[in-house]
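Descriptive analysis of the structure
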Amino acid sequence: MTATLVAQAIAGGYAHRTLFEDLDLTVAPGDVVGVVGVNGAGKSTFLRILAGELQPQAGAIHLAPSDAFVGWLPQEHERIEGETVAGYVARRTGCARATAEMDAAAAALGDPAAAGPGDPDPADVYSAALDRWLASGAADLEERLPAVLAELGLGTAAATDAVGPAAAGAARGAGATPEAAAGVTEDSLMTALSGGQAARVGLAALLLSRFDTVLLDEPTNDLDLDGLERLERFVQGLRGGVVLVSHDREFLARCVTRVLELDLAQHSNRVFGGGYDAYLEERAIVRQHKRDDYEEFASKKADLVARARTQREWSSQGTRNALKKAPDNDKIRRRAASESSEKQAQKVRQMESRIKRLDEVDEPRKEWQLEFTIGAAPRSSAVVATLNAAVVRQGDFTLGPVSLQLNAGERVGITGPNGAGKSTLLRTLLGRQAPDSGSAALGSSVSIGEIDQARSLFGGSEPLAAAFEVLVPELASGEVRTLLAKFGLRADHVLRPCGELSPGERTRAGLALLQARGVNVLVLDEPTNHLDLPAIEQLEQALESYEGALLLVTHDRRMLSTVRLDRRWHVAGGVVTEL
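Reference entry: report on the structure contained in this document. As the structure is a computational prediction, the values presented were derived from the model and not from experiment.

Rules used throughout
- Residues numbered from 1 in each chain as written.
- Predicted model: local features only at pLDDT ≥ 70, side-chain atom pairs only at ≥ 80, totals over all residues.
- Heavy atoms only, no water.
- Helix = DSSP H or I, 4+ residues; strand = E, 2+ residues; numbered from the N terminus.
- Buried < 20%, exposed > 50% of the residue type's maximum accessible area, 1.4 Å probe, protein only.
- Polar contact = N/O pair within 3.5 Å; in protein donor to acceptor, adjacent residues only side chain to side chain.
- Contact = heavy atoms within 4.5 Å.
- 1 Å grid on protein atoms, 1.4 Å probe; cavity = no way out; pocket = protein on both sides within 12 Å on 5 of 7 lines; lining within 4 Å.
- Points joined across faces, edges and corners; volume = space filled by probe spheres on them.
- Nonpolar A, V, L, I, M, F, W, Y, C, P; charged D, E, K, R; others polar.
- Domains from an automatic or database assignment.
- Phe/Tyr/Trp six-rings, centres within 6.5 Å; stacked < 30°, edge-to-face > 60°.
- Pairing = 2+ DSSP bridges.
- Axes fitted to C-alpha atoms, helices over the stretch in contact; angles between N-to-C directions.
- Patch = residues over 30% accessible without salt bridge, like charges linked within 9 Å, V, L, I, M, F, W, Y side chains within 5 Å.
- Areas by Shrake-Rupley, 256 points an atom, 1.4 Å probe, with all protein chains shown as cover.
- Salt bridge = Lys/Arg side-chain N within 4 Å of Asp/Glu carboxyl O.
- Lys, Arg positive; Asp, Glu negative; His and termini not counted.
- Charge placed at Lys NZ, Arg CZ, Asp CG, Glu CD.
- Parallel < 35°, antiparallel > 145°, perpendicular 65-115°, else oblique.
- Left-handed = near helix turned anticlockwise from the far one by under 90°.

Take the side chain of His247 next. Mapped onto the elements, His247 comes out in the loop between β7 (241–245) and α11 (249–255). What makes His247 buried here is its relative accessible area of 5%. Side-chain polar atoms of His247 contact the side chain of Glu218, separated by 2.8 Å. Discounting residues that sit within four places of it in the chain, His247 has contacts with Gly37, Asn39, Lys43, Glu218, His530, Leu531, Asp532, Leu533, Ile536 and Asp556.

Right, here's the structure in full:
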C-alpha cells in the first residue's frame, strides 16, 4: 500500500513552551524528508506527533488511506527488562500490536453475545484486524528474522548455516565476528547487548518492517560503515515516504530529497527542495538575504530618524532666530515665530510619516553556537602507550596479538565494524584492561580525556551540576554553572538527574568537562552521536587546534575526511591493521 502523510498547521512543544508552529508538510510516496535543527528545536517532538505518540498543541495530522501503516523508530533503543531480540523486533515492526489486535478480535468473534448494542460487527472488526496483521508481516516474521540477523552478523552459526552460503557471505561482508555472532540470537535479552549490537537489532527491525510511511529518529547512531550502507540502500529503495532525523551529513547527502529546517532562533520552519547539499547552499543564500534586508532597513530608518532629529533642532533654532529678528511688536513677533515653527514642524511630520511607512524588517536573531576549546595539560612522555604482542580474550572472542605504539601528539583514526574489538583495543591501550598475554604500558604524565560511546560519565539520579562538581572540584559551583551554560545546559538542565538528560545533553556535558580539564590524550568514541550539526562542526574546529594525542573512533564519513589525522587503524575480527 502507498500512503500520503499530511501535517497541517502543526504546533508542538512541551509544557507551556512552543518549539514550532504553523508547520505544513506533505510526505508522499518516494519522498525522503530530512528534519534538521539544533538540539532542542523539536525534531524528535515532530516525529512523535507524526507517529501519533504525542498530540500536537495545534493543527492536525491526516493519513490517506486512514488505515495506512506508519512506523516510528525512536532515537534510543529502549531496552525493556526481560524483552528478547525477537520480542523487540516484533514490537518495533508493529507485528506484536497487530497480533494482539487480531487475537482480541478473534476472541470477540467467538463470543458474539459479548457485543453491546451499537458495537461494530465482530466479523468486520476481525476482518480488518486480519488484514492489518497480514500487512504488518507478522505471519512470517519468525521465519524471516533469523536470516536477517545472520545477514547483519548477529545470528548464531546454526542460523547462518540455515540460510545458506549467500547469507553467510553477507554476514562476513557485514564484518561479523565471533564476538558479535556467537552472542546474539532471537532469544538474547536486549538489555545484555552492546550499543553497536542494539543498533544492528534496530536496523534488523527496520529491514523486517513493512510500513507504508517510515519515521526514523537518528537511525545512524552506533551503526558501522556496513550498517550505514545497508540503511542507505533500505531508505533509497522504499516505495513509501520517509521522514528522518539524522546528524550524519553524508547519510543526509545521499538519501534525502527535501529538507525541513526547524529554526529555533528565528522561531520559524521552512521546507527546502532538493537534497542536503542543495539545502546548505540555499540556506546560506536565504540567511544572507535576510541579513542584507535588515541592514538596508536599519540603515534607511537610522538615516530618516537622524534627519527628523535635525529638522526638530532647526525648527527650534528657527523660532529663536525669528524672534530675534522680528520688529518690537508682540503681534508681529508671534506671527513670525508661528510661521517658522509650523514650517519646520511640517518637515518633521513628513520625516516621521516616512519612518512609519517603512516596511518593518526584524533583525535575524543569532543562533546559539557551541564554542569551546579542549583544555591542554602539560606534555606527556614522548611515548604515550604501547602494546607488545598483546592478546585479550573475552569469551569466544580474541583481540590480537597486537603490537603498536602511540606517540605524543599523534592523531589516530580508528575504524572497523561493530563488535570487531575497537572498544577492547582502547581499554587495553589506555591501561584499563590487562592483556591475557603480551604486555601493555602507559607513559608518564598522561592526562586522558574521554567521550565514551555510552556517555556513561553522566548517568544515574545525581543532578548534573553536582555530578560535574565532583569531577572538577577545583571549580566553584557558580563557575560550574557558568561553564555548563556555555554548552547550552542552563538552569532547567543542571538541576535535573543526569539519567533524565537526553543523549545530546550528556554529550555536551562531556565536552564541557574536556574544556574544564587539561588533557594531553583525547579519546573520542563515536563523538558525533546525538550532537547537532553545528556542534559537530564546532567539535571539528576544536580538534584542529588541539595539540595532544588523539584517538578518534567514528563511522562519520565526513568527520573522517575533515579532521586532520596522522594514522589510521582498522580493527576487524580482532585484528588491527594500519592503513
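Next comes the rest of the account.
This part covers empty space enclosed by the protein. All chains considered together, the criterion is met by five cavities of 30 Å³ or more. Of the volumes computed, that of the largest cavity is approximately 110 Å³. What lines the largest cavity is a set of 13 residues, among which Thr220, Asp248, Thr528, Asn529 and Asp556 lie closest to the centre. A breakdown of the residues in the lining of the largest cavity according to their chemical character gives two nonpolar, six polar and five charged. Each of domain 1 (4–110 + 122–154 + 184–282) and domain 3 (383–578) gives at least three residues to the lining of the largest cavity. As a volume, the second largest cavity reaches approximately 60 Å³. Elements supplying a minimum of two residues to the lining of the second largest cavity: β14 (448–451) and α18 (503–516).

What follows is about the packing of aromatic side chains. Given two aromatic rings, their pairing is described by the distance between the two centres and the angle made by the two planes. This model, assessed by the stated rule, comprises five aromatic pairs. Their ring planes at 10° and their centres at 6.0 Å tell us that Phe458 and Phe468 sit as a pair that is stacked. Pair noted here: Phe458 is in the loop between β14 and α15 (464–471) and Phe468 is in helix α15, with a separation of 10 residues, a long-range link. Like Phe468, Phe458 is buried. An aromatic cluster is defined as three or more aromatic residues linked by ring pairs; in this entry it consists of Phe272, Tyr276 and Tyr279.

Here three strands make up an open sheet; going across it, the order is β2-β1-β4 and the pairing antiparallel. Each having just a single partner strand, β2 (17–27) and β4 (58–64) make up the two edges of the open sheet. Here the average twist between neighbouring strands, direction ignored, is 15°. The sheet contact formed by strand β1 (residues 4–14) and β2 spans seven bridges and is antiparallel. Along β2, the bridge assignment pairs Gly13 with Thr18. Together, β1, β2 and β4 form the strand contacts of helix α1 (residues 43–51), whose direction differs from that of β1 by roughly 130°.

On the surface, Asp292, Asp293, Glu295 and Glu296 cluster together to form a negatively charged patch. With respect to the helices and strands, the residue Glu296 is situated in helix α12 (residues 276–325).

To continue, consider the packing of helix α2 (residues 85–92) against helix α5 (residues 141–151). The geometry of α2 relative to α5 is characterised by a closest axis approach of 11 Å and an angle of 110° between their N-to-C directions. Here α5 runs roughly perpendicular to α2, going by the angle between their axes. Here the hand of the crossing between α2 and α5 comes out right-handed. Across the interface between the two elements, Val85, Ala86, Val89 and Ala90 of α2 pack against Leu141, Leu145 and Leu149 of α5. Grouping the amino acids of the contact of α2 with α5 by side-chain chemistry returns seven nonpolar, no polar and no charged.

In sheet architecture, strand pairing relies on hydrogen bonds along the backbone and comes in two forms, parallel and antiparallel. Here six strands make up an open sheet; going across it, the order is β14-β15-β16-β12-β17-β18 and the pairing mixed. The open sheet has two free edges, formed respectively by β14 and β18 (575–578), since each of these has just one partner strand. In this sheet, neighbouring strand axes are inclined to one another by 15° on average, regardless of whether the strands run parallel or antiparallel. Bridge count for strand β17 (residues 567–572) against β18 is four bridges, and the pairing is antiparallel.

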